[in-house]
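Residue-level listing of the chains:
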Amino acid sequence: MSPAGRGPLVVVGDALLDVDVDGTADRLCPDAPVPVVDVVREWQRPGGAGLAAKLAARSAPEVVLLTALGDDEAGERLRALLGTEVDVLALPLAGGTPSKKRIRAGGQPIVRLDEGDGRLADVRSHAGATELLRSASGVLVADYGRGVAANAMIRRLLAEAARRVPLVWDPHPRGAPPVRGSRLVTPNDSEAARFAGGQGPPDELARTLRMTWGCAAVAVTLGADGAVLADAEQTRMTVVPDGCRVSAGSRPDTCGAGDRFSSAAAAALHDGADTAEAVDIAVEAAARFVAAGAAGSLSEQPPLPRGALEAAGQSAFALAAKVRARGGKLVATGGCFDLLHPGHLTLLEHARSLGDALVVCLNSDESVRRLKGETRPILAAPDRARLLNGLAAVDAVVVFGEDTPERVLDRLAPDVWVKGGDYAGPDLPEAGVVRRHGGEVVLVPVLDGYSTSRLVAR
């Protein structure tokens, strides 16, 4: 039970396994004009309602996911990825657990492979689902059109919950309509036009859909432009706060932004906010989520098969040689990375997008102390390296003991050296080493409001 006797925030919907396969492509297949992708790394994360539940757990103290999972490898992996953050009540699935595998080369999508045609079995009664939804203090429906939100028993329980607690519905074009009485429905602008049967201004679409669905409010999300909310009293616009905006000219990954919006709104309503406040919170949360790397920031590497540990432990230098041998582009960046924060993640995601692999040159503990003082680092080098290696953007980490990474860079010879925009070219003694090997130096704008030193001081 949540604090103050409240029940959990229950997320209802279709869970998927999302997989990103990163590699390099420098040649075409001999029997067809398609690229050959040499795989470098694979990443996995919960998708669909699984992603919404994991994101909701960032904002709510107790989250339970009601979904359908198969007794297969993808289903087991989804349970493991949700870990201890989210409790799972799994209903039977007819067919395989759905998974989406995106193949990327040089950061660019090549193709997506969908596997698993599973849909919720014809469940007509379930004591566990009934008890769970009747105990909820808030509900989020993350409908991905695979049968959970369309099930007659679940819809009956959701309609009952909507009369008692705040219910947020994130709809899907192939899914079921929201139950009447939903507190908030959150289509994006293209979905809203499709549901309303035609194009129109977002505020007009929101008002139309509110009447069509018989819900208390509709928030049409507009990406970087925020959201338009229509309720019984007014239509209002919520814009993204200036401090949360992604740098102009950048092309951020927005995968999962809608799930972050709906999960933050549901958590805010669960916590007692009114609808307008919940939408304001959700707009900011979604913007920060995109700035921090979106869904990719939640990815993990799959567990190693037996005998693969030695291969996975290749050094940064071995990785550099492998990338060069394939004709790929090696990117490197460096720093202390003490207390990872969204500013770090933005830098790393941007750096990784510039090539085929990213190596982080990490200051040793002694090096950090010389640069930052005796109270730093807060985390020892092995812990900092482990956290970096756990990020989807990072392919390898190498620790150096000098004040600058010139010796390491002389061995790595990266094609691109990336530093935060708070530096200037003359401030980088290592720039000469990079250019001597034919590499370039790229300065990435920093994310305003984030600094380890500031966090420590606060």
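Whatever comes next refers back to the structure up there.
Residues numbered from 1 in each chain as written. Predicted model: local features only at pLDDT ≥ 70, side-chain atom pairs only at ≥ 80, totals over all residues. Heavy atoms only, no water.

(A) The overall build of the protein, seen in detail. When its secondary structure is counted, the protein shows 16 helices and 19 strands. Among the 458 residues that make up the protein, the fraction classed as buried is 52%. Here the contacts in the protein between residues at least 6 apart in sequence split such that 68% fall between residues at least 24 apart. Taken as a whole, the protein presents about 20,400 Å² of accessible surface, with 50% of it coming from carbon and sulfur. (Helix = DSSP H or I, 4+ residues; strand = E, 2+ residues; numbered from the N terminus. Buried < 20%, exposed > 50% of the residue type's maximum accessible area, 1.4 Å probe, protein only. Contact = heavy atoms within 4.5 Å. Areas by Shrake-Rupley, 256 points an atom, 1.4 Å probe, with all protein chains shown as cover.)

(B) Summary view of the environment of Asp189. Secondary-structure assignment places Asp189 in helix α5 (residues 189-196). Overall, Asp189 belongs to the partly exposed group, its relative accessible area being 39%. Here the alpha-carbon distance between Asp189 and Ala206, two residues 17 residues apart in the chain, equals 9.3 Å. Those residues in contact with Asp189 that lie beyond four places of it in its chain are Leu205, Val220, Thr221 and Leu222.

(C) Geometry of the pairing of strand β13 (residues 227-230). Taking every second residue as pointing to the same face, both faces of β13 are buried, with Ala227 and Leu229 on one and Val228 and Ala230 on the other. Strand direction decides the pairing type here: strand β12 (residues 218-221) and β13, joined by 4 bridges, are antiparallel. What sits directly across from Ala219, in β13, is Leu229. As consecutive antiparallel partners, β12 and β13 are separated by 5 residues, and within that stretch Gly223 has a phi angle of approximately 60 degrees, a positive value. Between the antiparallel neighbours β13 and strand β14 (residues 235-238) lie 4 residues. (Pairing = 2+ DSSP bridges.)

(D) Region of interest: the pattern of salt bridges. Across all of its chains, the model carries 22 salt bridges by this definition. Taking the shortest distance from any N to any O, the salt bridge between Arg79 and Glu76 comes out at 3.9 Å. Pair noted here: Arg79 and Glu76 are both in helix α2 (residues 73-82), with a separation of 3 residues, about one helical turn. The network of salt bridges with common partners includes Asp20, Asp22, Arg45 and Arg104. (Salt bridge = Lys/Arg side-chain N within 4 Å of Asp/Glu carboxyl O.)

(E) Local environment of the sheet that holds strand β7 (residues 108-115). Across the sheet, which stays open at both edges, the 4 strands sit in the order β3-β2-β6-β7 with mixed pairing between neighbours. Since the sheet does not close on itself, it has two edges, and those belong to β3 (35-48) and β7, each with one partner. In this sheet, neighbouring strand axes are inclined to one another by 20 degrees on average, regardless of whether the strands run parallel or antiparallel. Looking at chain direction, strand β2 (residues 15-28) and β3 are connected through 12 bridges and run antiparallel. By the bridge assignment, Asp22 is partnered in β3 with Arg41. Contacting β2 and β3, α2 runs over the sheet at an angle of about 65 degrees to β3. (Axes fitted to C-alpha atoms, helices over the stretch in contact; angles between N-to-C directions.)

(F) Focus on helix α13 (residues 381-389). The set of residues buried in α13 consists of Ala381, Arg384, Ala385 and Leu388. Down the axis of α13, the smallest arc covering the buried residues is 100 degrees, so these residues share one side. Summarising the geometry of α13, the exposed residues directed more than 90 degrees from the buried face are Pro382 and Arg386. Buried residues along α13 sit against α11 (342-352), β16 (357-363), α12 (365-372) and β17 (396-400). (Arc of directions from axis to C-beta.)

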